Amino acid sequence: MGSESGRVRRGEQSRISQWLRRRRKPTAEDPAREREALLLAVAAAGLPLAPAAHPAGYRCSCDRVGCPTPARHPISFAWQTQSTTDRAQVERWARNQPQANFITATGMVHDVLDVPLEAGAAALARLLEAGIEVGPVAESGGTGEQARMLFFTATRGTPEDEDEWWPCELDCHPETMDEHPGLRWHCRGSYVLVPPAALPGDLSVTWLRGMQHPLPDPLTLLETLTDACAAYAGTAKLTPAAVAWPLGH
């Protein structure tokens with residue numbers, strides 16, 4: 001029985017790997033036009049955007065020496081108030097800053113469930129096979145713990161009682177490892193890069209499922225994602241740094 005379930009899991013992962021490879025093929029002749037169209041689609045869906053740093057070789061375009069998150073952070077400290085869905089403003093940013101990455105501020109319209117790539121691929125295969133509605137999904141390139149999969153969901157909404165909120169930094173401490181190993185829930189006070197984004201080392205952030213997919217309730221995905229992360233934690237040694245990466249601050 002165990003060998004049969006193992007073959008089923010390997011078959012699921014093989015199918016999802018083939019699907020992901022097909023999705024990565026470039027489709028547009030004009031990268032600048034494709035970039036702008038993808039960013040405008042994000043803004044049109046109501047996800048607020050703000051410019052972010054970009055790679056400068058293997059370093060970050062910002063002035064910070066030894067930037068801990070090269071090309072993964074906003075340009076402005078006022079990114080939360082600067083973030084917008086205004087089409088004209090996004091067009092100006094995209095055209096005037098052709099190398100810039102963009103972040104989207106979470107916790108207003110949407111949240112992001114951020115998991116290790118291997119765990120995310122396994123979870124995505126199971127969710128799709130079960131017929132569960134999965135929204136936009138992005139892959140953030142990297143090696144080891146830096147390779148991530150981002151599941152975009154609706155936000156939990158604004159509760160009447162402010163005490164029901166918790167800021168995103170409460171999701172990023174090592175003591176949360178046993179409950180949600182490797183999973184980060186980006187909500188109020190956080191952000192993630194949106195595709196298309198370039199990262200140092202010729203890596204990138206790309207859509208696997210685009211903004212044409214409606215944002216689902218995060219709770220419909222959470223159990224499958226946490227199960228996949230727990231299985232991943234059983235086969236990979238997650239360090240506290242791995243659990244905490246990436247942060248939206």
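Rules and cut-offs
Once a new chain begins, its residue numbering starts again from 1 and follows that chain's sequence as written. pLDDT decides what is reported in this predicted model: residues at 70 or higher carry local features, side-chain atom pairs at 80 or more are listed and counted, and totals for whole chains, interfaces and linings draw on all residues regardless. Side-chain descriptors were evaluated using all non-hydrogen atoms of the structure, hydrogens and water having been removed beforehand. Every helix listed is a DSSP run of H or I at least four residues long, and every strand listed is a run of E at least two residues long, numbered separately from the N terminus. Between rings of Phe, Tyr and Trp, where Trp is taken as its six-membered ring, a pair exists when centres lie within 6.5 Å; planes separated by under 30 degrees are stacked, by over 60 edge-to-face, and by other angles tilted. We call a residue buried when its accessible area falls under 20% of the maximum for its residue type, exposed when it is over 50%, and partly exposed in between, using a 1.4 Å probe and counting protein chains only. The predictor attaches a confidence to each residue, and that confidence, scored 0 to 100, is pLDDT. For this analysis, residues touch if any pair of their heavy atoms sits within 4.5 Å. In this analysis, strands are considered paired if DSSP registers two or more bridges between them. Axis definition: a line fit to C-alpha positions, over the contact stretch in the case of helices; interaxial angles, taken between N-to-C directions, run 0 to 180 degrees.

(A) Local environment of unusual backbone geometry. Note the cis peptide between proline 195 and proline 196, where omega equals -5°. Assignment of secondary structure puts proline 196 in the loop between strand E9 (191-194) and strand E10 (197-199). In the Ramachandran plot, alanine 71 falls in the positive-phi region, its phi being about 65° despite a non-glycine side chain. Here alanine 71 shows up in the loop between strand E3 (59-60) and helix H3 (79-82).

(B) Representation of the packing of aromatic side chains in the model. Tallied over the full model, the rule gives 3 aromatic pairs. Seen from their ring centres, tryptophan 93 and phenylalanine 102 are 6.3 Å apart, and the 45° between their planes marks the pair as tilted. Residue tryptophan 93 shares its accessibility class with phenylalanine 102, and that shared class is buried. Ring geometry for phenylalanine 152 against tryptophan 207: centres 5.1 Å apart, planes inclined by 55°, an arrangement best described as tilted. Here phenylalanine 152, found in strand E7 (residues 148-154), pairs with tryptophan 207, found in strand E11 (residues 203-209); they are 55 residues apart in sequence, far enough to count as distant. In this structure, phenylalanine 152 and tryptophan 207 share a single accessibility class: buried.

(C) Fine view of the confidence of the model for the protein chain. When the pLDDT values of the protein chain are averaged, the result is 81; 72% of them are 70 or greater. Segment residues 169-178: pLDDT under 50, and 18 contacts once partners within four positions in sequence are set aside and those in other chains are kept. Counting contacts from residues 238-249, a segment whose pLDDT is below 50, to residues more than four positions away or on other chains yields 37 contacts.

(D) Looking closely at the sheet that holds strand E1 (residues 49-52). Spatially, E1-E4-E9 is the arrangement adopted by the 3 strands of the open sheet, whose pairing is antiparallel. Strand pairing shows two members of the sheet lacking a second neighbour, E1 and E9, which therefore form its edges. Adjacent strand axes in the sheet meet at a mean angle of 40° when their direction is disregarded. Relative to strand E4 (residues 101-105), E1 runs antiparallel, the two being bridged by 4 bridges. Bridge pairing links leucine 49 to threonine 104 in E4. Each of E1, E4 and E9 is contacted by helix H2 (residues 31-44), which is oriented at about 140° to E1, the strand it contacts most. Taken strand by strand, helix H4 (residues 87-96) contacts E1 and E4, and its axis lies near 15° from that of E1.

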